[in-house]
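Residue-level structural notes
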Amino acid sequence: MKAPPLTALLASLTAIASSQAAAQGDETAAPPPPAEYNAKLLLTNGISAVDGASGGGIANWATIAGRQSDRGFGLQAHATFIALPDFAYQSQGVAIGIADRMELSYARQNFDTLDVGAALGIGQGYTLNQDVYGAKLRLAGDLVYGAPHMPQIAVGVQHKRNLDGAITAAVGAAHDTGTDFTFSATKLVLSRSLLLDATMRLTKANQNGLLGFGSVAGGGYSLQFEGAAAYQFSRRLVTGVEFRSKPDNLGLGEDDWFDLFAAYAVTRNLTLTAAYADLGSIATFEDQRGAFLQAQVAF
Amino acid sequence: MSLTALIPLLLVQQAPAKTVDWDAEFGVEEEVRDPVTGELPVDPYDQSNTNAGAEPISGDRMAEQFGGQEGIRIIVNRMVDLSIEDPRIAAIFEGHDHVRLRRTLFEQFCYLLAAGCDYTGRDMESSHAGLGIRKPDMNALVENLQRAMRERGVPFGAQNRFLAKLAPMSRSVVTRK
Ligand code: HEM
């Protein structure tokens, strides 16, 4: 599958962001408007999860993408690579944050089957592709401020379009498109330097949708859990663990996901993440553990 | 009235005498700094440690990590210096009594860190009413405080434990969306 014109998308988003910047000069009364960009504390826009939403690496969080204030527009773009024993995963995406209230995201996932493709008879290096369109709305609370026991709470929807319907049908999935619904609560517990997240996800997706949705044998929506616990070592460095439970609609022995990550804010606008990810069994190939690497730029 | 008709009127207007004391004319009272403290007077209010907005941290480990009262004073002064020069938020501090601000902030931090002070300032709500502070301003101040603490070598975990005392006060400080 051909990659979408991401550069064109990025260019137009940047144009939107800068026209918004020009529109900020309207306040004449003191105090003047603060910088609407780079207005967030470091790392509080999250990194970019595999689904494209702001979060951890594999778990969706209640954070909103972009470094805008509660007024401006923000932008976040990422590229992620996961090297596994039998597969190579790669994704890239963009997300816009609107006033730290709403997030719109898009991610393209490419899952290279390498030698497994040949073994399964779909072709050496056959790559499964998927588009994920997401929206997230912050309902209440604040990641950092406000009542200590009140987390930031957000609901999200992710519409996934697998571009390899023939494969998803062949493995027994009922659909090649599906929609996930998420409910997340995330808080930076300053007194312990801990970031905690808990997310419930209603999903039909098999391997995140890369193997389609549901099952012709009858697997439908199920409620799954994902979460993270991370320790903040400095303003720039946070390390933690993540977990994401997954259904096994296809009866292929699909496993829950784990990772151990370190995210480093090199500058206000560039965050690098390295993780050790355990994605378990994928398409009956066991023990898919490997390195997760991500570069994210955010404005 | 048309604009051209106004011009002769403007020309015959007499310039006000330079000697007029406009403050006196409009009944503006001159604020005089206290000769001892160097502070401007404020309207009376009830003094109480509860005005500090949170309970002090227990134990004296935190006070130690901040370098006692001396360290706290350096951190507060540095934070204020950074903030009044910080283009993001400098305007908010303009025209306010920085002498009093440094003293009351020191007392508040010292009280919250259990370093042996009482807080004699106003509560957070009335101190910040009408300042129009927004969340990004709060973030800017937090960054300046983090820098001041970092420069004094306060361990990051201790910095966060202190910020945990201040963060909930955003509800009284951040008044503008
Ligand atoms: C949790 C965070 C904050 C704390 C604990 C805090 C604490 C204080 C204290 C103790 C005072 C002096 C009260 C008195 O004079 O009796 C004060 C005044 C003031 N604060 Fe804050 N403050 C916070 C956030 C902010 C922010 C974010 C800004 C602006 C960016 C700000 C700007 C000011 C100004 C301009 C005054 C002087 C007000 C006056 O002169 O009447 N403060 N603050």
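Starting from 1, residues in each chain are numbered consecutively following that chain's sequence as written. The lettering of chains begins at A and the numbering of ligands begins at 1, in the order of writing. Where local features are concerned, this predicted model is filtered to residues with pLDDT of at least 70; where side-chain atom pairs are given and counted, the filter is 80 or more; whole-chain, interface and lining totals use all residues. Hydrogens and water are ignored here; the side-chain numbers use all heavy atoms of the structure.

Across its full length, chain B holds 10 helices and 0 strands. Taken over C-alpha atoms, the radius of gyration comes to 22 Å for chain B, far larger than the 16 Å a tight globule of 177 residues would show. Taken along the three principal axes of its C-alpha coordinates, chain B extends 75 × 35 × 25 Å. The buried label goes to any residue with under 20% of its type's maximum accessible area, the exposed label to any with over 50%, and the partly exposed label to all in between, with areas taken from a 1.4 Å probe on protein chains only. Counting over 177 residues, chain B shows a buried share of 41%. Contact definition: two residues touch when any of their heavy atoms are within 4.5 Å. Of the contacts made within chain B by residues no fewer than 6 positions apart, 74% connect residues no fewer than 24 positions apart. Charge assignment in this entry is limited to Lys and Arg as positive and Asp and Glu as negative, and neither His nor the chain termini are counted. Charged groups are reduced to one reference atom each: NZ for lysine, CZ for arginine, CG for aspartic acid, CD for glutamic acid. Across chain B, the mean location of the 20 positive side-chain charges is 10 Å away from that of the 26 negative side-chain charges. A run of DSSP states H or I qualifies as a helix once it reaches four residues; a run of E qualifies as a strand once it reaches two. Both are numbered from the N-terminal end. Radius of gyration means the value over C-alpha atoms here, while the globule rule gives 2.2 Å times the residue count to the 0.38 power.

What follows is about helix H9 (residues 156-166) of chain B. Across the 11 residues that make up H9 of chain B, a large majority, 8, are buried. Burial in H9 of chain B covers these residues: Phe-156, Gly-157, Ala-158, Gln-159, Asn-160, Phe-162, Leu-163 and Leu-166 of chain B. Buried residues along H9 of chain B sit in contact with strand S10 (222-232) of chain A together with helix H3 (61-65), helix H6 (98-112), helix H8 (135-151) and helix H10 (170-173) of chain B.

This part is about helix H4 (residues 68-85) of chain B. Residue and element names in this part refer to chain B. For H4, with 18 residues, the first-to-last C-alpha span of 26 Å sits near the 26 Å given by 1.5 Å per residue. Taken together, the buried positions of H4 are occupied by Gly-71, Ile-72, Ile-75, Val-76, Met-79, Val-80, Leu-82 and Ser-83. Taken around the axis of H4, the buried residues stretch over an arc of 165°, which confines them to a single face. For H4, exposure combined with an orientation more than 90 degrees from the buried face picks out Glu-70 and Glu-85. Taken together, the buried residues of H4 touch helix H5 (90-93), H6 and H8. Multiplying 1.5 Å by the helix residue count minus one yields the expected span of that helix. The directions considered for the arc run from the helix axis to the C-beta atoms.

Positive phi, normally seen in glycine, also occurs at Asp-287 of chain A, with a value near 55°. In this structure, Ala-114 of chain B is a non-glycine residue whose phi angle is positive, near 55°. For Ala-114 of chain B, the position within the fold is in the loop between H6 and helix H7 (124-128).

What follows is about the interface of chain B and chain A. One frequent convention defines the size of an interface as the accessible area lost when the parts assemble. The partner chain A presents 27 residues to the 27 residues of chain B that form the contact. Here's the idea: put two parts together, see how much 1.4 Å probe accessible area each one loses, and the total over both is what we call buried area. Contact between chain B and chain A buries roughly 2400 Å² in total, counting both sides, with carbon and sulfur atoms accounting for 53%. Three residues stand out in chain B for area buried against chain A, namely Arg-134, Lys-135 and Phe-156 of chain B, and they jointly supply 24% of the buried area on that side. Take a side-chain nitrogen of Lys or Arg and a carboxyl oxygen of Asp or Glu: if they are within 4 Å of each other, that pair is a salt bridge. Applying the counting rule to chain B against chain A returns 4 salt bridges. Between Arg-134 of chain B and Asp-70 of chain A there is a salt bridge; the shortest N-O distance is 2.7 Å.

The next subject is the pairing of strand S8 (residues 177-189) of chain A. Residue and element names in this part refer to chain A. Note on pairing: two strands pair once DSSP finds at least 2 bridges between them. Pairing between strand S7 (residues 152-162) and S8: 10 bridges, direction antiparallel. In the sheet register, Val-155 faces S8, and the bridge partner there is Phe-183. The antiparallel hairpin formed by S8 and strand S9 (residues 194-203) contains 4 residues in its connecting segment, where Ser-193 sits at a positive phi of about 55°.

Once that is clear, we can look at the coordination of the iron atom of the ligand. Note on donors: an N, O or S atom is included if it sits within 2.8 Å of the metal, or within 3.2 Å for Na, K and Ca, and water is never included, so sites can look incomplete. No other protein atom reaches the iron atom of the ligand as a donor apart from His-128 of chain B (NE2), found 2.0 Å away. Mapped onto the secondary structure, His-128 of chain B falls in helix H7.

Residues and elements named next belong to chain B. Here the axes come from fitting lines to C-alpha atoms, over the contacting stretch only for helices, and the angles between their N-to-C directions go from 0 to 180 degrees. One can describe the packing of H8 onto H9 by two numbers: an axis separation of 11 Å at closest approach and a directional angle of 150°. The two elements H8 and H9 cross, and the hand of that crossing is right-handed. Of H9, the residues touching H8 (which contributes Met-138, Val-142, Leu-145, Gln-146, Met-149 and Arg-150) are Gln-159, Phe-162, Leu-163 and Leu-166. Each residue belonging to the contact of H8 with H9 can be placed in one class, and the counts come to 7 nonpolar, 2 polar and 1 charged. Crossing handedness: left-handed means the near helix sits turned counterclockwise from the far one by under a right angle, and right-handed means the same turn made clockwise. Three classes are used, and their members are as follows: Ala, Val, Leu, Ile, Met, Phe, Trp, Tyr, Cys and Pro are nonpolar, Asp, Glu, Lys and Arg are charged, and the others, Gly among them, are polar.

Each pair of aromatic rings taken from Phe, Tyr and Trp, with Trp reduced to its six-membered ring, is defined by centres within 6.5 Å and is described as stacked if the planes are under 30 degrees apart, edge-to-face if over 60, and tilted in the remaining cases. Tallied over the entire structure, the rule returns 10 aromatic pairs over all chains. For the pair Trp-61 of chain A and Phe-261 of chain A, a centre-to-centre distance of 6.5 Å together with 55° between the ring planes defines the contact as tilted. Taken together, the residues Trp-61 of chain A in the loop between strand S2 (54-55) and strand S3 (73-83) and Phe-261 of chain A in strand S12 (residues 257-265) connect sequence positions 200 residues apart. Their ring planes at 75° and their centres at 4.8 Å tell us that Phe-109 of chain B and Phe-162 of chain B sit as a pair that is edge-to-face. Taken together, the residues span a long stretch of sequence, with Phe-109 of chain B in helix H6 and Phe-162 of chain B in helix H9 at a distance of 53 residues. Among the aromatic residues, ring-to-ring pairing joins Phe-87, Phe-111 and Phe-285 of chain A into one connected group.

Glancing now at the UniProt feature "binding site: heme" (unreviewed entry) in chain B. Residue and element names in this part refer to chain B. UniProt positions are given in the numbering used here, feature names are shortened, and annotations may be inferred rather than shown by experiment. Taken from the UniProt record, the annotation "binding site: heme" (unreviewed entry) applies to His-128. Its relative accessible area of 18% is what places His-128 among the buried residues. Dropping the residues within four chain positions of it, His-128 is found in contact with Ile-133, Ser-172 and Val-173.

A cluster of acidic residues, Asp-21, Asp-23, Glu-25 and Glu-30 of chain B, forms a negative patch at the surface. Counting through the fold element by element, Asp-21 of chain B comes out in the loop between helix H1 (3-12) and helix H2 (22-25). Patch construction takes residues with relative accessible area above 30% that form no salt bridge. Like charges are linked within 9 Å, and nonpolar side chains (Val, Leu, Ile, Met, Phe, Trp, Tyr) are linked within 5 Å. Note on areas: these come from Shrake-Rupley sampling with a 1.4 Å probe, and a residue is covered only by the protein chains present in the view.

pLDDT measures how confident the predictor is about each residue, on a scale from 0 to 100. Taken over all residues, the pLDDT of chain B has a mean of 92, while the share at 70 or more is 95%. Scoring of the predicted complex yields 0.87 for pTM and 0.85 for ipTM.

Turning next to the environment of Gln-158 of chain A. All names here are of chain A. Note on placement: Gln-158 falls in strand S7. On the basis of relative accessible area, Gln-158 is assigned to the buried category, the value being 3%. Sequence-wise, Gln-158 and Thr-179 are 21 residues apart; in three dimensions their C-alpha atoms are separated by 5.5 Å. Apart from residues lying up to four places away in sequence, Gln-158 is in contact with Asp-51, Ala-53, Asn-60, Val-132, Tyr-133, Gly-134, Gly-178, Thr-179, Asp-180 and Arg-201. Of the polar contacts made by the side chain of Gln-158, one reaches the side chain of Arg-201; its length is 2.8 Å. Here a polar contact is recorded for every N or O atom pair within 3.5 Å, except that within protein the pair must consist of a potential hydrogen donor and a potential acceptor, and residues adjacent in sequence are included only if both atoms are side-chain atoms.

Attention now moves to the site of the ligand. Residue and element names in this part refer to chain B. Note on terminology: near, applied to a residue and a molecule or strand, indicates that one of the residue's heavy atoms is within 4 Å of it. Surrounding the ligand, one finds 23 residues, the nearest of these being His-96, Arg-100, Thr-104, Arg-122 and His-128. At 2.7 Å, a side-chain N or O of Arg-100 approaches an oxygen atom of the ligand. In this structure, Arg-122 approaches the ligand through a main-chain N or O atom, which is 2.7 Å from an oxygen atom. When contributions to the shell around the ligand are tallied by element, the ones reaching two or more residues are H5, H6, H7 and H8.

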